[in-house]
Amino acid sequence: MNVDDAGTLDKGGMKVEAVWQKDDRGVGGVLVFGFSPVENLELEIGGAHDNDMSASPSEKMHGFGFGAKWVPYQNEVGWSLGGRFDYGQTLAEFGREHVYEFSGLASYRQQNGQVLHLNAGWAHVRQPDEHATVKTWGIGYELPLTDGLTLTAEVFGEEHSGPDKAIGLRYEIFDGFKVSAAIGQGNDREFGQAGVAWEF
């Protein structure tokens, strides 16, 4: 999901996530490694590659980033509250782009496994000749369908643009290992992704 949850790995836990994604005529992949050095804190590092087929010739972009999520108030049932900071850098033919993001995170978990996620924050984007700061937001929902299979739905966006909407499925093959896929649309385009995640 693009909307993040208010939750972290257990202390000492690690994860690896790989995602293939298509956004309009752009196709690429993301690889993320995360770990929890102390309780309620999760750190991530990752890299990405994207090929924008809308340009002629096509434009290749490479990126890397770092993220830190701190959720001091966590509950198995009820509200969990926290926040995260992300920094990303993308190198493309137009130059180097830097993105700084902060999001407040809230999740409400019910005993039946349903979860509501709320995100709100801002993103600062800096390019060679310009920079801008916009507000960001997101609402996500998880609905268990069967043992291990979950339906996900989300709406998210940023200031000065319309919302993006996506729906997907996530399946836990064995403890900690999950596969997922989602499709969506918004702002006159369609997008989708498929991924695997392993927490250990």
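Computed from a prediction, not measured in an experiment: that's the story for all the values here. (Residues numbered from 1 in each chain as written. Predicted model: local features only at pLDDT ≥ 70, side-chain atom pairs only at ≥ 80, totals over all residues. Heavy atoms only, no water.)

## Examining the overall build of the protein chain
What counts is decided by this rule: The numbering of helices and of strands both runs from the N terminus, where a helix is a DSSP run of H or I of at least 4 residues and a strand a run of E of at least 2. The globule rule used for comparison is 2.2 Å times the number of residues to the exponent 0.38, while the radius of gyration itself is calculated over C-alpha atoms. Burial status follows relative accessibility: with a 1.4 Å probe on protein chains alone, a residue under 20% of its type maximum counts as buried, one over 50% as exposed, and anything between as partly exposed.
Along its length, the protein chain carries zero helices and twelve strands. The order of α-helices and β-strands along the protein chain, N terminus first, is β-β-β-β-β-β-β-β-β-β-β-β. For the protein chain, the C-alpha radius of gyration of 17 Å lies close to 16 Å, the compact-globule estimate for 200 residues. Taken over the C-alpha atoms alone, the protein chain extends approximately 50 × 30 × 30 Å along its principal axes. In the protein chain, which comprises 200 residues, the share counted as buried stands at 33%.

## Remarks on the sheet that holds strand β7 (residues 115–127)
Note the cut-off: Pairing between strands is defined by DSSP: at least two bridges between the two strands are required. A fitted line through C-alpha atoms represents every axis, and for helices the fit uses only the stretch in contact; the resulting angles, taken between N-to-C directions, go from 0 to 180 degrees.
In spatial order, the strands read β1-β2-β3-β4-β5-β6-β7-β8-β9-β10-β11-β12; together these twelve strands close into a barrel with antiparallel pairing. Neighbouring strand axes in the sheet, compared pairwise and without regard to direction, differ in orientation by 20° on average. Of the pairings in the sheet, the one linking strand β8 (residues 130–146) to strand β9 (residues 149–158) comprises ten bridges and is antiparallel in character. Residue Gly-140 lies in a different strand from β9, and its bridge partner there is Glu-154.

## Considerations on the environment of Gly-83
The following threshold applies: What makes two residues a contact is simply this: any of their non-hydrogen atoms within 4.5 Å.
Relative to the assigned elements, Gly-83 resides in strand β5 (residues 78–92). When its relative accessible area of 13% is taken as the criterion, Gly-83 is described as buried. Residues Gly-83 and Val-71, twelve residues apart in the sequence, show an inter-C-alpha distance of 6.3 Å. The residues contacting Gly-83, other than those within four sequence positions of it, are Ala-68, Lys-69, Trp-70, Ser-103, Gly-104 and Leu-105.

## So, the environment of Asp-4
Defined as follows: Pairs of N or O atoms within 3.5 Å make up the polar contacts considered here, provided that, within protein, one atom can donate a hydrogen while the other can accept it, and that residues adjacent in sequence are counted only when both atoms are side-chain atoms.
Among the secondary structure elements, Asp-4 is positioned in the segment before β1 (14–23). Asp-4 sits 100 residues away from Gly-104 along the chain, and the two C-alpha atoms are 9.6 Å apart. Those residues in contact with Asp-4 that sit more than four places away from it in its chain are Lys-69, Arg-84, Leu-105, His-117 and Asn-119. In this structure the side chain of Asp-4 is engaged in a polar contact, spanning 3.3 Å, whose partner is the side chain of Lys-69. In terms of polar contacts, Asp-4 uses its side chain to reach the side chain of Arg-84, at 2.7 Å.

Read these as geometric descriptors, not functional statements.
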